[in-house]
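# Tertiary structure, described
If you want the building blocks of each chain, they are given just below.
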Amino acid sequence: MYSKCGIIEDARKSFEATSKDNAIVWNSIIFGYAQHGQGNIALDLFYLMRERKVKPDHITFVAVLTACSHNGLVEEGCNFIESMESDFGIPPRKEHYACAIDLYGRAGHLEKAKALFETMPFEPDAMVLKTLLGACRFCGDIELASQVAKTLLELEPGEHCTYVILSEMYERFKMWDEKASVTRMMRERGVKKVPGWSWIEVKNKVHAFNAEDHSHPQCEEIYTLLQQLNEGIKLFDNFVNPMLLLQCLHNLDGYDDQKFL
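This report concerns the structure included in the present document. Fair warning: this is a prediction, and the values are worked out from it, not measured in the lab.

This brings us to helix H3 (residues 39–51). The end-to-end C-alpha separation of H3 is 18 Å, in line with the 18 Å expected for 13 residues at 1.5 Å each. Every buried residue of H3 is accounted for by Gly39, Ala42, Leu43, Leu45, Phe46 and Met49. What you see down the axis of H3 is that its buried residues fit within an arc of 155°, all on one side. Looking at H3, the residues exposed on the side facing more than 90 degrees away from the buried face are Asn40, Asp44 and Glu51. Downstream of H3 by a residue or two, Lys53 has a phi angle that is positive, lying close to 65°.

And the structure:
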């Protein structure tokens, strides 16, 4: 609960105060760190779990592979997927293959993701196909994305995400006829894009936002800050010296370097 709410420190405190004699508790904390982008800590916990003689289960390896995927730990992730059955007696399931495909995709190794997909010992389900489609989008392979999306639309014709990803990719490659075809297909099938929402709690009050939302009373301030952050990120790509970066940021109109820090 704590990790899902973004309070990983309290999640760790609860973990330390809990009996650690089963995989459930370990899986929860490993997942928590994996989803917070702290993959090395997640892996350290997995190794500690082994030292404590707690037997991992198939969920443990979903957590570990997620940690590798979200932190670019390609070699470590490959070792886990290859050693699951031989070292732990746990044959990889579809969810493990999905994690490994996501791992390769995020690292830009689409050919390896495709090769793994093609060697799966069972038919891929929608979850695996969606993961491969996401890898295609990340790596910019419109040809493979079109093939994967075609299969997905046969399995789940009412799932809006596939249409949206494919449409966005066609737009990126200026394939306007194909984009129009996807839009027409959505209209004919009655599929509507569901907006994504984000929530943040500030001073015990929850604020909700969706894409291009302008309904918040502090909307103008929020977008101003986002613009400043985007400008700072672009500058960061060009400067190695952090002090020089801060000097440049200080020159931005309305920028407060203390708030940024």
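Picking up where we left off.
Attention now moves to the nonpolar core. Counting 65 residues, the largest nonpolar core has Ile30 and Phe80 as the members making the most contacts within it. Residues in contact with Phe80, not counting those within four places in the same chain, are Leu43, Phe46, Tyr47, Phe61, Val64, Leu65 and Cys68.

Backbone geometry places Lys53, a non-glycine residue, at a positive phi of 65°. Along the chain, Lys53 turns up in the loop between H3 and helix H4 (58–70). You will see that Lys174, though not glycine, has its phi angle at about 60°, which is positive.

Before going further, it helps to spend a moment on the pairing of strand E2 (residues 205–210). A regular strand carries its side chains on alternate faces of the sheet. Taken together, the 6 bridges between strand E1 (residues 197–202) and E2 define a ladder with antiparallel strand orientation. Across the sheet, the residue bridging to Ser198 is Phe209, located in E2. Here E1 folds back onto E2 in antiparallel fashion, the turn holding 2 residues, of which Lys203 has a positive phi close to 55°.

Two descriptors summarise a pair of aromatic rings, namely the distance from one centre to the other and the angle between the planes of the rings. In this structure the tally under the stated criterion is 8 aromatic pairs. Centroid distance Phe46 to Phe61: 5.7 Å. Interplanar angle 65°. Geometry classified as edge-to-face. Taken as a pair, Phe46 in helix H3 and Phe61 in helix H4 lie far apart in primary sequence, 15 residues in all. Comparing Phe46 with Phe61, the two get one shared label, buried.

In this section: the packing of helix H8 (residues 126–139) against helix H9 (residues 142–155). One way to put it is that H8 packs onto H9 with a least axis distance of 9 Å and a crossing angle of 155°. When the interaxial angle is binned, H8 and H9 end up roughly antiparallel. Between H8 and H9 lies a crossing whose hand is left-handed. Residues Ala126, Leu129, Lys130, Leu132, Leu133 and Cys136 of H8 pack against Leu144, Ala145, Val148, Ala149, Thr151, Leu152 and Leu155 of H9. Considering only residue class, the contact of H8 with H9 consists of 11 nonpolar, 1 polar and 1 charged.

In an α-helix, one turn spans 3.6 residues, which is why side chains three or four residues apart end up on the same side. Given a rise of 1.5 Å per residue, 14 residues ought to cover 20 Å, and the 20 Å separating the end C-alpha atoms of H8 matches this to within 8%. All of the buried residues along H8 are Ala126, Val128, Leu129, Thr131, Leu132, Leu133, Ala135 and Cys136. One or two steps after H8, the chain reaches Gly140, where phi turns positive at roughly 75°.

What follows deals with the packing of H4 against helix H5 (residues 74–88). Where H4 contacts H5, the axes come no closer than 9 Å and their chain directions differ by 165°. By the criterion of interaxial angle, the relationship of H4 to H5 is roughly antiparallel. Two packed elements cross with a definite hand, and for H4 against H5 that hand is right-handed. Along the contact surface, H4 presents Phe61, Val64, Leu65 and Cys68, while H5 presents Glu76, Gly77, Phe80, Ile81, Met84 and Phe88. Class assignment for the residues of the contact of H4 with H5 results in 8 nonpolar, 1 polar and 1 charged.

Cut-offs applied
- Residues numbered from 1 in each chain as written.
- Predicted model: local features only at pLDDT ≥ 70, side-chain atom pairs only at ≥ 80, totals over all residues.
- Heavy atoms only, no water.
- Helix = DSSP H or I, 4+ residues; strand = E, 2+ residues; numbered from the N terminus.
- Expected span 1.5 Å × (residues − 1).
- Buried < 20%, exposed > 50% of the residue type's maximum accessible area, 1.4 Å probe, protein only.
- Arc of directions from axis to C-beta.
- Core = buried A, V, L, I, M, F, W, Y, C linked by side-chain atoms within 4.5 Å.
- Contact = heavy atoms within 4.5 Å.
- Pairing = 2+ DSSP bridges.
- Phe/Tyr/Trp six-rings, centres within 6.5 Å; stacked < 30°, edge-to-face > 60°.
- Axes fitted to C-alpha atoms, helices over the stretch in contact; angles between N-to-C directions.
- Parallel < 35°, antiparallel > 145°, perpendicular 65-115°, else oblique.
- Left-handed = near helix turned anticlockwise from the far one by under 90°.
- Nonpolar A, V, L, I, M, F, W, Y, C, P; charged D, E, K, R; others polar.

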